[in-house]
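Spelled out, the chains give:
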Amino acid sequence: MSPDRTHWLELPAHRSSVGVARRSLSVWLTAWQLPAELCADAVLLLSELATNAVRHTLSTRFLCGFGLVTDACLRIEVHDHDHLSRGVPRCGEPELDDEGGRGLLLVEGLADTWGVDRSRLTGGHAVWATLTA
């Protein structure tokens, strides 16, 4: 991602930070004049990835990045600081009456591609997704 087409923010690992991340992404997507459907999907993806970083890691902070890979391709990343965790985030198989556990299933359904890498920036996990207009 090119620096002039990328935005990063580091936030405390609190539920309220997910809303801050969503609002920041919305501002940038509007500035980049991306289609409304892509914008709605991107905000939902970021919300799921950031919520996972808050709820399922030992991190006290998380790093969000989003940017245009090309004029029609957006990449969203959430990096946690949980360098002790050996587990890799993956899609679960929730029961019908479970209240949670569907976030990465939603990511898998919305994103063109997604994955998990070890973060070079934080030492934790970097969960990323791409969307194409």
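Note that the coordinates shown come from a computational prediction; the quantities given were computed from them, not determined experimentally.

Enquirer: I tried to follow the packing of helix H1 (residues 15-31) against helix H2 (residues 36-56) on my own but got confused; where do I start?
Expert: The axes of two packed helices give the description: the angle between them and the distance between them. With their axes 9 Å apart at the nearest point, H1 and H2 run at an angle of 155° to one another. In terms of their interaxial angle, H1 and H2 are classed as roughly antiparallel. Where H1 crosses over H2, the handedness of that crossing is right-handed. Contacts between H1 and H2 involve Arg 15, Val 18, Ala 21, Arg 22, Leu 25, Ser 26 and Leu 29 on the former and, on the latter, Cys 39, Ala 42, Val 43, Leu 46, Ser 47, Ala 50, Thr 51 and Val 54. Partitioned by chemical class, the residues of the contact of H1 with H2 number 10 nonpolar, three polar and two charged.

Enquirer: Would you mind going over the side chain of Ser 119 with me for this structure?
Expert: The topology assignment puts Ser 119 in the loop between strand S4 (113-118) and strand S5 (125-132). A polar side-chain atom of Ser 119 sits 3.1 Å from the main-chain amide nitrogen of Leu 121. Residues contacting Ser 119, with those up to four places away along its chain left out, are His 79, Gly 124, His 125 and Ala 126.

Enquirer: Sorry if this is basic, but what is going on with the nonpolar core here?
Expert: Note on soluble globular proteins: their nonpolar side chains tend to be buried together. Membership of the largest hydrophobic core comes to 32 residues, with the highest contact counts inside it found for Leu 25, Leu 29, Leu 46, Phe 62, Leu 74 and Ile 76. The greatest single-element share of this core, amounting to 10 residues, is contributed by H2. When neighbours within four sequence positions are excluded, Ile 76 is seen to be in contact with Leu 25, Ala 42, Leu 45, Leu 46, Leu 49, Gly 65, Phe 66, Val 127, Trp 128 and Ala 129.

Enquirer: When you look at the sheet that holds S4 in this model, what are you seeing that I'm missing?
Expert: Strands pair in a sheet through their backbones, by hydrogen bonds, and they do so in one of two ways: parallel or antiparallel. Overall, antiparallel pairing links the five strands, which are arranged S1-S2-S3-S5-S4 in an open sheet. In this open sheet, the two strands that pair with only one neighbour each are strand S1 (6-12) and S4. Within the sheet, the average angular offset between the axes of one strand and its neighbour, ignoring direction, is 15°. Strand direction decides the pairing type here: S4 and S5, joined by six bridges, are antiparallel. For Asp 117, the partnering residue across the bridge sits in S5 and is Ala 126. Against the sheet, H1 makes contact with S1, strand S2 (61-70) and strand S3 (73-80), and its axis sits at roughly 165° relative to S1, the strand it touches most. The sheet contacts of H2 involve S2, S3 and S5, and relative to S3 the element is tilted by about 10°.

Cut-offs and rules
- Residues numbered from 1 in each chain as written.
- Predicted model: local features only at pLDDT ≥ 70, side-chain atom pairs only at ≥ 80, totals over all residues.
- Heavy atoms only, no water.
- Axes fitted to C-alpha atoms, helices over the stretch in contact; angles between N-to-C directions.
- Helix = DSSP H or I, 4+ residues; strand = E, 2+ residues; numbered from the N terminus.
- Parallel < 35°, antiparallel > 145°, perpendicular 65-115°, else oblique.
- Left-handed = near helix turned anticlockwise from the far one by under 90°.
- Contact = heavy atoms within 4.5 Å.
- Nonpolar A, V, L, I, M, F, W, Y, C, P; charged D, E, K, R; others polar.
- Polar contact = N/O pair within 3.5 Å; in protein donor to acceptor, adjacent residues only side chain to side chain.
- Core = buried A, V, L, I, M, F, W, Y, C linked by side-chain atoms within 4.5 Å.
- Buried < 20%, exposed > 50% of the residue type's maximum accessible area, 1.4 Å probe, protein only.
- Pairing = 2+ DSSP bridges.

These results come straight from atomic positions and should not be treated as a statement about function.
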